[in-house]
Amino acid sequence: MNQMTNVKLEQFPYSEAVKKTLARKPALFINGAWVDSTGGETLAVIDPSSGKEVSRFVDATNDDVDRAVAAARRAFDDGRWSDLPPMVREGIMHKLADLLEAHADELAELEAIDNGKPKGMAGAIDVPGAIGMIHYMAGWASKLGGETIEPSATPRGAFHSYVRREPIGVAAQIVPWNFPLLMAVLKISPALAAGCTVILKPAEQTSLTALRLADFLNEAGVPPGVVNIITGNGHTAGDRLVRHPDVDKVAFTGSTEIGKLINRTATDSLKRVTLELGGKSPVIVLPDVDPAVVGPGTAQAIFFNSGQVCVAGSRLYAHKSVFDKVLESFSEAASFWQPRASLDPAGHMGPLVSDEQLNRVMGYIEEGKKAGASVALGGDNPASEGGYYVNPTVLVDVTPNMSVVREEIFGPVVVAQRFDDLDEVARQANDTSFGLAAGIWTNNLSAMHKLAAKLKAGTVWGNCHGMIDPALPFGGYKESGLGREQGRQGVEAYTELKSVIIAL
C-alpha cells in the first residue's frame, strides 16, 4: 500500500490582520458590546499545527451567562428584532454575509490556526459555506407565515380561524469545534430569520471566528442583545445555558453523549431542543463502479477535515469483486491527504484539533490492532515538533463487534470490509446506533434508489459525499440526533404555532 513521504510539519507565519485579532484582550460579546467577565479565568487558544498557545479567551462564569441570557430576553421581549419588518431583518442578514465575504481571507486563516484545517480548505468550503448559509436563511425572514383553515366541525362562515407562526423566543446555541464558523452561522441564521434572539457558545477548543463574527454583527446593524456570544467550558457555561429558565430553545451540535445529557436537562423545563449528534457513516461501493473514480471519492469522504466530520465515511463496504482494486485506488488517493501544517499552501489535510483528540484517535487505532484488525495504510504519527498529526489510516480484517467499527473515532481512520449482495450490505450498514448519513457509489440507478430506501440515515449521497446545501434539511436517525437543520424545516424549528379561532 501507498505510504506517506516526509514533509516538514512546521507552521507558516501569521498575517498581520490575524496577529491583531489574536492580541485582543479576552472579552465577551453581550448586549452589543465587548464586556469583561465577572471572573478572571481564561482559556488558551492552541494552534494544533504547532501545539503552541497563541491567544486566550474568557472562561465565562455563571454570572456572565446570566447577563447574556438577560440581554437576549430583553431584546426578544421588547421586539427590537422580531417586530422589525421582515425585509429589514432580511437586509441586515445579507449585510452580515457581505461583511464575512469582505473578511474571508482573515476568517479562513483564523479557522486554520484555531482548528488545524488547511487554510485553503477553510477558504474554499467553510467561509463560502457560512456566507451562503446566511444569504439563504435571510430569504426566509420575509417568507415565513401561517395559514387560514376552515374549521371542520362548524357551519361555514361561523368562525374565522387561522394559524400563526411565531418566533420561539430566546435560543441557546452550542456549536462544535470541527467547523466553528460554519456551525455558528448555521445556528444563528435560522434563528434570526425566524425573529428569535440568541446566545451562542462556541466550542472551548475553537472560539476565534465566533468572536470575530461578533464584530460584524454590530457593523451589519443587528440590534444590541439580539446575538450574544459567550466563550467558556461546556460543563460550566454550556450547562448553565441549557438549564437557564429564560432560555426557550436549545440547539446543540456535538457528541451523542453530551446531546443526551442536554436533552435530559432540557426536559425539566420542556425547552424545545434540536440535536445534531454523532455518526458512523457507511460508504457502499457496488460492483459496477470504476475503482479509479471511487478511490479518490471514498478517500475524500473520510480524510476531509482530518476525518473530524460528523458525516465522515468511516465504514467502507466494497463488493468482494472490486474490493482489492477499490482499496488500491483508495490508498493511492490517500497521498493527496498527507498531513501538513494548516497554513501550508500545499496542504489538504491538517492536524487534529487537540492533543486530547490525537490521543483518542491513536487509542482507537491501537485498540483495533489488539482486537485483530490489520493496518493496510498509516496508523501512525508523522514526525512533528509539537503538532497533533495522524497519517491517513485504513484498517482491514475487522469484525462488526470491534470498537473501530461500532464507535465514532472522529479522525482520519476508515474500516474497509467486503460484502456479497445488497440485502447483506444494507443490514451491515444499518447495524449501528447512529443514522446520520451514508454514501452509495454505483452506475446502476435502480440499485441506487433501492439501497437508498433501505438505509436508515438522514442523508444519503450517491456518487459523492459530504454535499451539504442550505436548502436541504440535515439531521439524523436514531442516536444521531433530534430534528432537522437547514431548509424550511431548519427555520421552522425556531418557531411555535398558534391557532386563533374567532366566533363571527
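Residues numbered from 1 in each chain as written. Predicted model: local features only at pLDDT ≥ 70, side-chain atom pairs only at ≥ 80, totals over all residues. Heavy atoms only, no water.

Visitor: Explain helix α7 (residues 208-220) here, please?
Guide: Structural remark: α-helix, 3.6 residues per turn; residues separated by three or four positions point the same way. For α7, with 13 residues, the first-to-last C-alpha span of 19 Å sits near the 18 Å given by 1.5 Å per residue. Counting buried residues along α7, eleven of its 13 residues qualify, which places the element largely inside the surrounding structure. Every buried residue belonging to α7 is among Leu 208, Thr 209, Ala 210, Leu 211, Arg 212, Leu 213, Ala 214, Asp 215, Phe 216, Leu 217 and Ala 220, and all of these are buried. Phi turns positive, to about 100°, at Gly 221, one or two residues after α7. (Helix = DSSP H or I, 4+ residues; strand = E, 2+ residues; numbered from the N terminus. Expected span 1.5 Å × (residues − 1). Buried < 20%, exposed > 50% of the residue type's maximum accessible area, 1.4 Å probe, protein only.)

Visitor: What is the right way to read the packing of helix α10 (residues 291-303) against helix α11 (residues 323-333) from this model?
Guide: Their axes nearest at 7 Å, the elements α10 and α11 cross at an angle of 55°. As the angle between them shows, α10 and α11 are arranged oblique. The way α10 lies across α11 gives a crossing that is right-handed. Facing Pro 291, Ala 292, Val 294, Gly 295, Pro 296, Thr 298, Ala 299, Ile 302 and Phe 303 of α10, the residues of α11 in contact are Lys 325, Val 326, Ser 329, Phe 330 and Ala 333. Of the residues assigned to the contact of α10 with α11, the class counts are ten nonpolar, three polar and one charged. (Axes fitted to C-alpha atoms, helices over the stretch in contact; angles between N-to-C directions. Parallel < 35°, antiparallel > 145°, perpendicular 65-115°, else oblique. Left-handed = near helix turned anticlockwise from the far one by under 90°. Contact = heavy atoms within 4.5 Å. Nonpolar A, V, L, I, M, F, W, Y, C, P; charged D, E, K, R; others polar.)

Visitor: Whenever I open this one, the packing of aromatic side chains confuses me. Can you help?
Guide: Two numbers describe a pair of aromatic rings. These are the distance of the centres and the angle of the planes. Tallied over the entire structure, the rule returns five aromatic pairs. Consider the rings of Trp 177 and Phe 410, whose centres lie 5.4 Å apart with planes at 80°: the pair is edge-to-face. In this pair, Trp 177 is assigned in the loop between β7 (170-174) and α6 (180-194) and Phe 410 in the loop between α13 (403-406) and β16 (413-419), connecting sequence segments 233 residues apart. Note on Phe 410: relative accessible area 16%, which makes it buried. Sitting over the ring of Trp 34, Arg 24 keeps its end group 5.1 Å from the ring centre. (Phe/Tyr/Trp six-rings, centres within 6.5 Å; stacked < 30°, edge-to-face > 60°. Lys NZ or Arg CZ within 6 Å of the ring centre and 35° of its normal.)

Visitor: When you look at the sheet that holds strand β12 (residues 282-285) in this model, what are you seeing that I'm missing?
Guide: Read from one edge of the open sheet, seven strands run β14-β15-β16-β13-β12-β17-β18, paired in mixed fashion. Both edges of this open sheet fall to β14 (374-377) and β18 (459-462), since each of them pairs with a single strand only. Adjacent strand axes in the sheet meet at a mean angle of 25°, parallel and antiparallel pairs treated alike. Sheet topology note: the β12/strand β17 (residues 437-441) ladder contains three bridges and is parallel. By the bridge assignment for β17, Val 283 is matched with Gly 439. Each of β12, β13 (315-319), β15 (393-396), β16 and β17 touches α10; the most contacted strand, β12, lies at about 175° to it. Relative to the sheet, α11 contacts β12, β13, β14, β15 and β16, its axis offset from that of β16 by approximately 160°. (Pairing = 2+ DSSP bridges.)

Visitor: Help me out: how do you make sense of the environment of Glu 101 in this one?
Guide: Note on placement: Glu 101 falls in helix α3 (residues 86-102). Separated by 29 residues in the primary sequence, Glu 101 and Ala 130 place their C-alpha atoms 9.3 Å from one another.

Visitor: Explain the UniProt feature "active site" (unreviewed entry) in the protein here, please?
Guide: Per the UniProt annotation, the sites labelled "active site" (unreviewed entry) are Glu 276. Topologically, Glu 276 is positioned in strand β11 (residues 272-276). Not counting chain neighbours up to four residues away, the residues in contact with Glu 276 comprise Phe 252, Thr 253, Gly 254, Cys 310, Leu 436, Phe 474, Ser 480 and Glu 485. (UniProt positions renumbered as here; feature names shortened; annotations may be inferred.)

Visitor: Quick question: what am I supposed to make of the layout of surface pockets here?
Guide: Any empty space left between the atoms is revealed when a probe the size of a water molecule rolls over them. By volume, the largest pocket amounts to about 1,100 Å³. If you go around the largest pocket, you meet 39 residues; those closest to its centre are Trp 177, Phe 252, Gly 254, Ser 255 and Ile 258. Split by residue class, the lining of the largest pocket holds 17 nonpolar, 13 polar and nine charged. Each pocket or cavity is described by its volume, and for the second largest pocket that value is around 550 Å³. Every residue lining the second largest pocket is counted, 28 residues in all, and those nearest its centre are Ile 125, Phe 179, Leu 182, Gly 466 and Ile 468. Only α5 (119-140), α6 and α10 provide two or more residues apiece to the lining of the second largest pocket. Considering each element in turn, the lining of the second largest pocket owes the most residues, five residues, to α5. Its residues assigned to classes, the lining of the second largest pocket comprises 19 nonpolar, seven polar and two charged. (1 Å grid on protein atoms, 1.4 Å probe; cavity = no way out; pocket = protein on both sides within 12 Å on 5 of 7 lines; lining within 4 Å. Points joined across faces, edges and corners; volume = space filled by probe spheres on them.)

Visitor: Which parts of the structure should I look at to understand the pairing of β17?
Guide: As a general feature of sheets, a regular strand has side chains that alternate between the two faces. Within β17, five of the five residues are buried, leaving the element largely enclosed by the surrounding structure. Residues Ala 437, Gly 439 and Trp 441 of β17 are buried on one face, and the alternating residues Ala 438 and Ile 440, pointing to the opposite face, are buried as well. Where β17 lies against β18, four bridges are found, and the strand directions are parallel. Within β18, the residue paired with Ile 440 across the bridge is Gly 462. In the classification by handedness, the crossover that spans β17, the intervening helix α15 (residues 445-454) and the parallel β18 is right-handed. (Right-handed = clockwise from strand over helix to strand, strands pointing away.)

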